[in-house]
Amino acid sequence: MRRSSRAAGRRGRYARGRKKLNGPAGLFAALALAEAGERVTVFERGQPVEERGRDIGALFARRQLNEESNLCYGEGGAGTWSDGKLTTRIGRNSERVRAVLHALVAFGAPENILVDGKPHLGTDRLVRILRTARKYLEGLGVEFRFGVRCARVNRDPNTGDACGVTLADGAVVAAKAVVLAAGHSSRGLMEALHEEDVKLTYQSFAAGFRIEHPQGMLDTIQYGEKYAGYVDGGKGPLPVADYRVANTVPDGVAAGRACYSFCMCPGGQIVPTSTVEDELCINGMSFSKRSSKWANSGLVSTITERDAKPFADEGYEPLCGVSFQRHIEREAAIMGGGKLVVPVQTAEDFLSETVSNASTLPSSSYRLGVVPGPLHELYPREVTKAIQESLARFDKQLPGFAGSQALIHAPEARTSSPVRIDRDKETLESVSCRALYPTGEGAGYAGGIVSAACDGLAAATEILRAYKSAQA
Ligand SMILES: Cc1cc2nc3c(=O)[nH]c(=O)nc-3n(C[C@H](O)[C@H](O)[C@H](O)COP(=O)(O)OP(=O)(O)OC[C@H]3O[C@@H](n4cnc5c(N)ncnc54)[C@H](O)[C@@H]3O)c2cc1C
């Protein structure tokens, strides 16, 4: 009904109006639209970086989780309290990537990000950059509304096109175009889209654990005994060592499954990225100097639709990946005993499937506490096998990688979005709801800070193109 009623001349509806935006994808869409003279409103469920910093401080110091302002939600999005790696697989020298890097420099990032092979900012710099960006955007007339959650996208009853949003307090906001850039953790909004008949499709993602090693051990593996000292905790002439490992299991129950390191944080720490306490989830961050004594990385394997399907809620099948994530995160929270305590196991014990001894655990950077748990029982058998077999292989490449000093933390289940909001390849609108621009990681079109920002620029370009052609 909605699809068939799309009027051929609907482009004529574009006029200056409000757009709903958020994190790197939303902010860069706002930037391009505002610089083109469009009127933009940013709705952000979390808080501005200053207040968000205090909320995160309370989480680290007093275990107080603010469900609306945390490591996932708030100004700058999920990548703000992160390592701030600016590496991307979408082409370092593409016009959009260059535009994003130049904008970051204009907002205060060091110029070396324009030339470094592996540019990174660190949380401390990101916070300052976001403050400057906000001031600039406000100067262009962008209205920021923090602490405001969008509950659903509204559709015109005649055309089915997006015509604004309903906020959590019930207020209805009209808009000519809606940029939906809500990240991969806005599960309620995804469910609301499904209920509004917006087309969603399962998207493969990866899940597993975070593995942590002493940074000094990695420096020695990568540079050798002779040169490792030149790293000097991030202050020396050699960069803090990193790694990248990947494997596809050749045979056995996990045949064909991939396992790889993800979002490696040299000199970093493992942090809680839960948005509610009974769904435990972790990630990694670091400061610009990368000076902590630990290195952590995601150690993840692909989750296929077949893995996720048994967890689907009736009527919400395209969201089975979300149900899978929820299941894993709830089980991990139970294993940890609650209060965001993380279950851990040494790599050696994970391989031999024995619970580690609490008194001999290596130290962890995770500040809310760790407890030994049977991590080998958390995931479906094939996923566990893929990670176990790959770990053994990685240990041959980087001796000690799977040894007694390697501590596995659970779970890393939000590497990317488990669902895609299908969109038209050219106009970038939802295929089932015109004037809705699903953008960034949560919509399934980005996997990191830079690619999300580029996708925001792309959405803005298409909105401006549609507006121009409507005026012509
Ligand atoms: C701890 C951590 C470390 C990371 N490290 C790196 C890294 O070093 N390098 C890298 O490239 N990537 C990193 N990532 C991934 C990166 O952060 C994401 O890929 C990127 O932020 C995605 O951008 P986005 O704009 O699509 O979504 P997000 O950044 O998730 O932004 C979405 C925004 O929407 C807001 N929002 C959500 N729902 C609603 C709603 N209903 N109403 C209003 N607002 C809403 C959220 O509060 C958030 O601000 C990291 C992620 C985490 C969690």
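Structure first, text after, so check above.
Figured I'd write up the structure that's included with this text. (Residues numbered from 1 in each chain as written. Predicted model: local features only at pLDDT ≥ 70, side-chain atom pairs only at ≥ 80, totals over all residues. Heavy atoms only, no water.)

1. Regarding the site of the ligand
Stage number 1. Near the ligand there are 36 residues, and of these Glu44, Ala78, Ser186, Glu441 and Ile449 occur at the shortest range.
Stage number 2. One of the backbone nitrogen or oxygen atoms of Lys85 is found 2.9 Å away from an oxygen atom of the ligand.
Stage number 3. Considering the ligand on its own, with 1000 Å² of exposed area, one finds that the protein chains cover 96% of that surface.
Stage number 4. Among the secondary structure elements, those contributing two or more residues to the shell around the ligand are helix H1 (24–35), strand E2 (41–44), strand E13 (282–285) and helix H12 (449–471).
Stage number 5. Split into classes, the residues belonging to the shell around the ligand amount to 15 nonpolar, 15 polar and 6 charged.
Stage number 6. Here the shell around the ligand spans two domains, and each of domain 1 (10–197 + 422–471) and domain 2 (205–412) adds at least three residues to it. (Near = heavy atom within 4 Å. Polar contact = N/O pair within 3.5 Å; in protein donor to acceptor, adjacent residues only side chain to side chain. Areas by Shrake-Rupley, 256 points an atom, 1.4 Å probe, with all protein chains shown as cover. Helix = DSSP H or I, 4+ residues; strand = E, 2+ residues; numbered from the N terminus. Nonpolar A, V, L, I, M, F, W, Y, C, P; charged D, E, K, R; others polar. Domains from an automatic or database assignment.)

2. Side note on the pairing of E13
Stage number 1. The side-chain alternation of E13 yields two buried faces, one formed by Ile282 and Gly284 and the other by Asn283 and Met285.
Stage number 2. Note that strand E12 (residues 269–272) and E13 share 4 bridges and pair antiparallel. Its bridge partner being in E13, Val271 is matched across the sheet by Asn283. (Buried < 20%, exposed > 50% of the residue type's maximum accessible area, 1.4 Å probe, protein only. Pairing = 2+ DSSP bridges.)

3. Describing the sheet that holds strand E17 (residues 407–412)
Stage number 1. On the basis of which strands lie adjacent, the open sheet formed by 7 strands has the order E10-E11-E14-E9-E17-E15-E16 and mixed pairing. Bordering the open sheet on either side are strand E10 (246–248) and strand E16 (370–372), each of which pairs with just one other strand. Averaged over all adjacent pairs, the angle separating strand axes in this sheet is 30 degrees, with direction ignored.
Stage number 2. In this sheet, strand E11 (residues 258–265) lies alongside E10 in antiparallel orientation, the contact comprising 3 bridges. Bridge pairing in E11 places Asn247 opposite Cys259.
Stage number 3. Sheet strands in contact with helix H6 (residues 215–223) are strand E9 (205–214), E11 and strand E14 (294–303), and its direction is about 90 degrees off that of E9.
Stage number 4. Against the sheet, helix H11 (residues 381–397) engages E9, E10, E11, E14 and E17, with an angle of about 135 degrees to E14. (Axes fitted to C-alpha atoms, helices over the stretch in contact; angles between N-to-C directions. Contact = heavy atoms within 4.5 Å.)

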